[in-house]
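Report on the structure
In case you want the letters, here they are:
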Amino acid sequence: MARTPEEISAADFKARCLKLMDQVEQERTEVVITKRGKPVAKLVPFTAEAPSVFGFMAGTGVIRGDIEAPIGGPWDAEHD
């Protein structure tokens, strides 16, 4: 079961910002920052996303010469 995020006022967040960032990173917790009792922001641990496999190699292929021109001699697909 997920923990309820800690709530902290913007003024308290300003005073404890660096410690809260360390806490979120180490404990993998969330902190909700409030202004006048209303949530306005959430501090969450950073998670790097895996790169997409679609388009991963885009722009790396090189075409050399004419890829549609005949190869220069007779070719038999049945016996080659």
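Residues numbered from 1 in each chain as written. Predicted model: local features only at pLDDT ≥ 70, side-chain atom pairs only at ≥ 80, totals over all residues. Heavy atoms only, no water.

What counts here: UniProt positions are given in the numbering used here, feature names are shortened, and annotations may be inferred rather than shown by experiment.
The name given to the protein chain in an unreviewed UniProt entry is Antitoxin, with the source organism recorded as Gloeobacter violaceus. According to the UniProt record, the Function (unreviewed entry) comment for the protein chain reads "Antitoxin component of a type II toxin-antitoxin (TA) system." The record in UniProt for the protein chain states the following under Sequence similarities (unreviewed entry): "Belongs to the phD/YefM antitoxin family."

**A few points about the sheet that holds strand β2 (residues 31–35)**
Counted only if it meets this: For two strands to be treated as a pair, DSSP must find no fewer than two bridges joining them. Secondary structure counts use DSSP, requiring at least four H or I residues in a row for a helix and at least two E residues in a row for a strand, with both numbered from the N terminus. To define axes, lines are fitted to C-alpha atoms, for helices over the stretch in contact only, and angles between the resulting N-to-C directions are given on a 0 to 180 degree scale. Should any heavy atoms of two residues lie within 4.5 Å, those residues are considered in contact.
Ordered by their spatial adjacency, three strands build an open sheet running β1-β2-β3, and the pairing between neighbours is mixed. The open sheet terminates on both sides in strands that have one partner only, identified here as β1 (6–9) and β3 (38–43). With strand direction ignored, the average angle separating the axes of adjacent strands in the sheet is 35 degrees. Sheet analysis places β2 next to β3, joined by five bridges and oriented antiparallel. Its bridge partner lying in β3, V32 is registered against K42. The strands that helix α1 (residues 10–27) touches are β1, β2 and β3; relative to β1, the one it contacts most, it runs at about 140 degrees.

**A look at the pattern of salt bridges**
Defined as follows: In what follows, salt bridge is the name for a side-chain nitrogen of Lys or Arg lying within 4 Å of a carboxyl oxygen of Asp or Glu.
Counted according to the given criterion, the structure contains one salt bridge. Among the ionic pairs, E30 bridges to K42, the shortest N-O distance being 3.5 Å. In this pair, E30 is assigned in the loop between α1 and β2 and K42 in strand β3, connecting sequence segments 12 residues apart.

**Observations concerning unusual backbone geometry**
Formally: Relative accessibility under 20% of the residue-type maximum defines a buried residue, over 50% an exposed one, and the middle range a partly exposed one, all with a 1.4 Å probe and only protein chains included.
Backbone geometry places R28, a non-glycine residue, at a positive phi of 55 degrees. Counting through the fold element by element, R28 comes out in the loop between α1 and β2. For R28, a relative accessible area of 47% corresponds to the partly exposed category. With a phi angle near 55 degrees, R36 is a residue other than glycine that sits in the positive phi range.

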